[in-house]
Amino acid sequence: MRYEPLNPELFILNRQRFTRKMNPDSIAVFCSSDRMPRNGDTFFPFRQNAGLFYLSGLDQEDTVVVLYPDCVKEDAREIAFIRRASEKQSIWEGSGLTKEQARQISGIQKIYWLDEMEPVLNELILLAKRIYLNLNEHDRFHSPVEDRNHRFARQVQEKYPAHKLHRSPPILKKLMMNKSPIEVEAISQAIHITGKAFQRVLEFVRPGVMEYEVEAEITHEFIRNRANGHAYDPIVATGVNACILHYTQNTSMCKNDELLLLDFGAEYANYAADLTRTIPVNGRFTPRQRAVYDAVLRTLRMAAPMLVPGVTLDEYHKSIGKFMESELIGLGLLDKTDVKNQDPKRPLYKKYFMHGVSHHLGLGVHDLANRYDPIQAGMVFTCEPAIYIPEEKIGIRLENDILVTDTDPIDLTASIPIEAEAIEEKMQAFSGAFN
């Protein structure tokens, strides 16, 4: 791994918090992600299962973590199984973690090789009455690909049909929404690296560069600063491309008098940053671009302070929708009378701003969470209002990452330039005026 290892106290605490939520006489099993085949004998880059990483920090394939907090065998209450590298694997891929390294990273003292797992795990399951399984649960997503945790769940159902099965994700969702100081530090490091990449972009962008060249500048800065890479596929969208919400082709030329929307974030220690900035390709906003930009920025400035304990995301989004209506009326995009007579279930502002404002951020850019729970201190959210006007080739989105506290929210991205004047000033300083 490129990143500095996180303090193992994080994973020890996370396991304690998880096991307190388990029913008595229960065992929980967490499997690592698969290595996903790419083509022939090659694989896509490995990304660890978020739940397993959250509970152990172990960041390699072929890993299983077992928690059995009230096991009669005291030394079996926390166990990790890791890959034993063969001589061939050691030559071609490296040996991977040693048992001692796994102990240091995770704080789990009992480490076995994975090829020793079957008899050990079988005995523990037979001692338990309940089994917690870690399935990928997201109410807006269903994967067509079965992962290792799903395969393990089917095996458990077949082999232990008399055991009662439970779901780990509901517990993980409750826990992972609230970030510890160590997690906030990791997210802040990802944001810091992302900010350095944005600085590099401001130095580089000018009419005639290609979107993919801008992406390359971002990637360069990520890797040289020890990030895993991108937390998600970066959006580098110029002109009308910025009005495509998940545009990732990044193949067009950046033209004079157009805007460039950049939605990207570094991943550091598996924790994500999520930043969006929109800049003028030639270093200066046109009056119309500036008017729309300022409307979006005012919306962000209004929205971020609302991320406080007790507020629900539904209430939050409704309030921001009302504010956005007034901004769109001011820009001449909506008519005041039409807004007054609109169907409340189909607000007119969604023609120009059709997505939500905030989502949880952490071990994923859309972190494991329950979006119906009220906002709580310790949560980290994005705040990303936008206005899209395809007929004018204007798409402007601005996004910062906000830590909720018991007092005022903290903008973790506050040091990254966002004011239009600051963007123009830096681009002019680096590149001079473009005409």
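**Q** Explain the nonpolar core to me, please; I cannot follow it from the model alone.
**A** Nonpolar side chains in soluble globular proteins tend to be buried together. Within the largest apolar cluster, 112 residues are counted, with the highest numbers of intra-cluster contacts made by Phe18, Leu262, Ile279 and Ile387. The residues contacting Ile279, other than those within four sequence positions of it, are Phe198, Val201, Leu202, Val205, Glu258, Leu259, Leu260, Leu262, Phe285, Ile423 and Met427. Grouped together as the second largest cluster of nonpolar side chains are 22 residues, Val29, Tyr68, Ala76 and Leu133 included.

**Q** Which parts of the structure should I look at to understand the pairing of strand 17 (residues 394–397)?
**A** Look at any regular strand and the pattern is simple: side chains alternate between the two faces of the sheet. Here strand 17 shows two buried faces, one formed by Ile394 and Ile396 and the other by Gly395 and Arg397. Once strand 16 (residues 386–389) ends, the chain turns through four residues before running back antiparallel as strand 17, passing Lys393 with a positive phi of about 55 degrees.

**Q** What exactly am I supposed to notice about the environment of Gly395 here?
**A** Position of Gly395 among the secondary structure elements: in strand 17. Sequence separation between Gly395 and Thr238 is 157 residues; the distance between their C-alpha atoms is 8.6 Å. When near neighbours in sequence (up to four residues on either side) are disregarded, Gly395 contacts Ala242, Cys243, Leu261, Thr278, Ile387 and Tyr388.

**Q** When you look at the packing of aromatic side chains in this model, what are you seeing that I'm missing?
**A** Where two aromatic rings form a pair, the distance of their centres and the angle of their planes describe that pair. Here the structure, examined in full by the defined rule, presents seven aromatic pairs. On the basis of an interplanar angle of 65 degrees and a centroid distance of 6.1 Å, the ring pair of Tyr3 and Tyr268 is categorised as edge-to-face. Of this pair, Tyr3 sits in the segment before helix 1 (9–20) while Tyr268 sits in strand 12 (residues 266–268), and the two are 265 residues apart along the sequence. For the pair Tyr3 and Tyr268, one class covers both residues: buried. Consider the rings of Phe11 and Phe53, whose centres lie 5.6 Å apart with planes at 80 degrees: the pair is edge-to-face. Highlighted residues: Phe11 in helix 1 and Phe53 in helix 2 (residues 50–56), separated in sequence by 42 residues. Among the residues examined, Phe53 registers a relative accessible area of 1% and is labelled buried.

**Q** In this structure, what is going on with the state of the cysteines? I would like to understand it.
**A** Defined simply, a disulfide is a covalent bond joining two cysteines at their sulfur atoms. The final tally for this structure, using the stated rule, is zero disulfides. Of the cysteine sulfurs around Cys31, a residue in no disulfide, the closest is that of Cys71, at 18 Å. The structure places no disulfide on Cys243, whose sulfur is separated from the nearest cysteine sulfur, that of Cys254, by 15 Å. Classification of Cys243 by relative accessible area gives buried; the value is 17%.

**Q** Which parts of the structure should I look at to understand the sheet that holds strand 13 (residues 271–272)?
**A** Hydrogen bonds between backbone atoms are what pair the strands of a sheet, whose relative direction is either parallel or antiparallel. Pairing is antiparallel in the open sheet, where three strands are placed in the order 9-12-13. Two strands close off the open sheet at either side, each with one partner strand: strand 9 (229–230) and strand 13. Sheet analysis places strand 9 next to strand 12, joined by two bridges and oriented antiparallel. Paired with His230 across the bridge in strand 12 is Ala266.

**Q** How do you make sense of helix 9 (residues 211–224) when you look at a structure like this?
**A** Residues three or four positions apart in an α-helix share a direction because the helix packs 3.6 residues into each turn. For helix 9, built from 14 residues, the straight-helix expectation of 20 Å at 1.5 Å per residue is met to within 8% by its first-to-last C-alpha distance of 20 Å. What helix 9 keeps buried is the set Glu211, Val214, Glu217, Ile218, Glu221 and Phe222. End-on view of helix 9: buried residues confined to an arc of 135 degrees, all on one side of the axis. Next to the buried residues of helix 9 lie helix 8 (181–204), strand 9, strand 10 (235–238), strand 11 (259–264) and strand 12.

Conventions we followed
Residues numbered from 1 in each chain as written. Predicted model: local features only at pLDDT ≥ 70, side-chain atom pairs only at ≥ 80, totals over all residues. Heavy atoms only, no water. Core = buried A, V, L, I, M, F, W, Y, C linked by side-chain atoms within 4.5 Å. Buried < 20%, exposed > 50% of the residue type's maximum accessible area, 1.4 Å probe, protein only. Contact = heavy atoms within 4.5 Å. Helix = DSSP H or I, 4+ residues; strand = E, 2+ residues; numbered from the N terminus. Pairing = 2+ DSSP bridges. Phe/Tyr/Trp six-rings, centres within 6.5 Å; stacked < 30°, edge-to-face > 60°. Disulfide = S-S within 2.5 Å. Expected span 1.5 Å × (residues − 1). Arc of directions from axis to C-beta.

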